[in-house]
Amino acid sequence: MWLFSRKGASGFSATSTAEQVTEGIDGSGLTAIVTGASSGIGAETARVLALRGVHVIMAVRNLSAGHEAKEAIVKQVPNAKVDAPGVRSQFDGISQEICIQV
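Remember, predicted model here, so these are calculated numbers, not experimental data. (Residues numbered from 1 in each chain as written. Predicted model: local features only at pLDDT ≥ 70, side-chain atom pairs only at ≥ 80, totals over all residues. Heavy atoms only, no water.)

### Structural notes on the sheet that holds strand 2 (residues 55–59)
At step 1: As summarised here, the arrangement of the three strands in space is 1-2-3, forming an open sheet in which the pairing is parallel. Edge positions in the open sheet fall to strand 1 (31–35) and strand 3 (82–83), since each of these has one partner strand only.
At step 2: As judged from the two bridges shared by strand 2 and strand 3, these two strands associate in the parallel manner. Of the residues in strand 3, the one forming a bridge with I57 is D83.
At step 3: Helix 3 (residues 40–51) rests against strand 1, strand 2 and strand 3 of the sheet, and its axis sits at about 165 degrees to strand 1. (Pairing = 2+ DSSP bridges. Helix = DSSP H or I, 4+ residues; strand = E, 2+ residues; numbered from the N terminus. Contact = heavy atoms within 4.5 Å. Axes fitted to C-alpha atoms, helices over the stretch in contact; angles between N-to-C directions.)

Here you go:
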């Protein structure tokens, strides 16, 4: 639809991808904590940030899905710095680990 593909002042549109928007950006020296990084927008955000050299800390609830997402990133970007230091959260009074341990 022409409305969504119309480019704005930035040169990008609603159909632009994260890879297109970040092309040419060097993120080395930066660190990002990405919540919901095991699927959807969070996983794509983590992947593209890692692709641009950002140190990505993946905060997730489902550890097995998080490990799968991390492995997919490392497979595509072998030198990716992707990890997590063990952030914790409270659910129904039970402390539960929500980050990937590497």
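### Considerations on the nonpolar core
At step 1: By size, the foremost hydrophobic cluster in this structure holds 14 residues, and its most contacted members are V56, M58 and I73.
At step 2: Put simply, the parts of the chain that give this core at least two residues each are strand 1, helix 3, strand 2 and helix 4 (63–76). (Core = buried A, V, L, I, M, F, W, Y, C linked by side-chain atoms within 4.5 Å. Buried < 20%, exposed > 50% of the residue type's maximum accessible area, 1.4 Å probe, protein only.)

### What to know about the pattern of salt bridges
Once the charged atoms of two side chains with opposite charge are near each other, the side chains can pair.
At step 1: A full pass over the atoms with the stated rule returns three salt bridges.
At step 2: Here E19 ties to R47 by a salt bridge, and the two come within 2.7 Å at their closest N and O atoms. Separated by 28 residues along the polypeptide, E19 in helix 2 (residues 18–22) and R47 in helix 3 bring together distant segments of the chain.
At step 3: A salt bridge links R47 to E44; the nearest nitrogen and oxygen atoms lie 2.8 Å apart. Here R47 pairs with E44, and both are found in helix 3, just three residues apart, close to one helical turn.
At step 4: What emerges from the salt-bridge pattern is a single network uniting E19, E44 and R47. (Salt bridge = Lys/Arg side-chain N within 4 Å of Asp/Glu carboxyl O.)

### Thoughts on the pairing of strand 1
At step 1: Residues A32 and V34 line the buried face of strand 1, whereas the alternating positions T31, I33 and T35 sit on a face that is not buried.
At step 2: Where strand 1 meets strand 2, five bridges bridge the pair, whose relative direction is parallel. In the sheet register, T35 faces strand 2, and the bridge partner there is A59.
At step 3: Traced from strand 1 through helix 3 to strand 2, the parallel crossover comes out right-handed. (Right-handed = clockwise from strand over helix to strand, strands pointing away.)

### Focus on the environment of G24
At step 1: Its location among the elements puts G24 in the loop between helix 2 and strand 1.
At step 2: Through-space distance from the C-alpha of G24 to that of R52 is 8.2 Å; in sequence the pair is 28 residues apart.

### Here we look at the side chain of T22
At step 1: By secondary structure assignment, the location of T22 is in helix 2.
At step 2: Engagement of the side chain of T22 in a polar contact is seen with the backbone oxygen of A18, the distance being 2.9 Å.
At step 3: If near-sequence neighbours (up to four positions away) are discounted, T22 is found in contact with V48 and R52. (Polar contact = N/O pair within 3.5 Å; in protein donor to acceptor, adjacent residues only side chain to side chain.)

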